[in-house]
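Letter by letter, the chains look like this.
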Amino acid sequence: AETMRLPDAFTWPGILLGLLWSGFLFPFAHRFPPALQLPGGFGIFYPGKGEPAFWKMMLPGLIASAIWAASAALLILAIRWLYWVVRHREGMGLGDAKLLAMIAAWLGPMMTLLTLFLGVVNAAMFGLLWAALRVRRDASTMRLPFGSFLCAAAIYAVFAGEPLIRWYLQFFR
């Protein structure tokens, strides 16, 4: 937040580990009935005779996670490009795109969308409060560390996101 930078040494390994973790969890995800699953949604798995190798079972989860990570990064890059077209200056850094890709690799699509929504809402409320209190005289030069808001929203999504999404989706049934 202080330096307004998200280092590649943090984001790229985070994306890779998220992809591997999602691939690792995929074979476990729907293998057992809910009563036998651990809180994370997976149980103990021993491949039986005639079943494919574990790494082959990881591929669908790895590919899905890579698609979501790339989609999240492309969404932020599209917003960044749109801002450039309208304002003719940079409004969001590439670190934010890599950070959201990392979040998507770990959390999947629903929690990533929740993270993005909560991050944007919190950053907007903070920016409005900051402008209202006139911390900076020139609001056009005000810069907010969006990555910090994304990180806080991702932490919220991990611990309380699922009930919030279920509550929201009940209105569409």
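Quick note: structure is the one above.
This is a predicted model, so every value here is computed, not measured.

**So, helix α4 (residues 109–132)**
Along its 24 residues, α4 runs 34 Å from first to last C-alpha, staying within 8% of the 34 Å computed at 1.5 Å per residue. Among all positions of α4, only Met111, Thr112, Leu114, Thr115, Leu116, Leu118, Gly119, Ala123, Gly127 and Trp130 are buried.

**Remarks on the pattern of salt bridges**
Applying the stated criterion across every chain yields a total of three salt bridges. In this structure, arginine 80 engages glutamate 90 in a salt bridge whose closest nitrogen and oxygen atoms are separated by 3.0 Å. Placement of arginine 80 in helix α2 (residues 54–87) and of glutamate 90 in the loop between α2 and α3 (94–107) is noted, with a sequence separation of ten residues between them. When its relative accessible area of 21% is taken as the criterion, arginine 80 is described as partly exposed. For glutamate 90, a relative accessible area of 52% translates into the label exposed. The closest approach of N and O atoms between glutamate 162 and arginine 166, which form a salt bridge, is 3.2 Å. Separated by four residues within a single helix, glutamate 162 and arginine 166 lie in helix α5 (residues 146–169), roughly one turn from each other.

Procedures and definitions
- Residues numbered from 1 in each chain as written.
- Predicted model: local features only at pLDDT ≥ 70, side-chain atom pairs only at ≥ 80, totals over all residues.
- Heavy atoms only, no water.
- Helix = DSSP H or I, 4+ residues; strand = E, 2+ residues; numbered from the N terminus.
- Expected span 1.5 Å × (residues − 1).
- Buried < 20%, exposed > 50% of the residue type's maximum accessible area, 1.4 Å probe, protein only.
- Salt bridge = Lys/Arg side-chain N within 4 Å of Asp/Glu carboxyl O.

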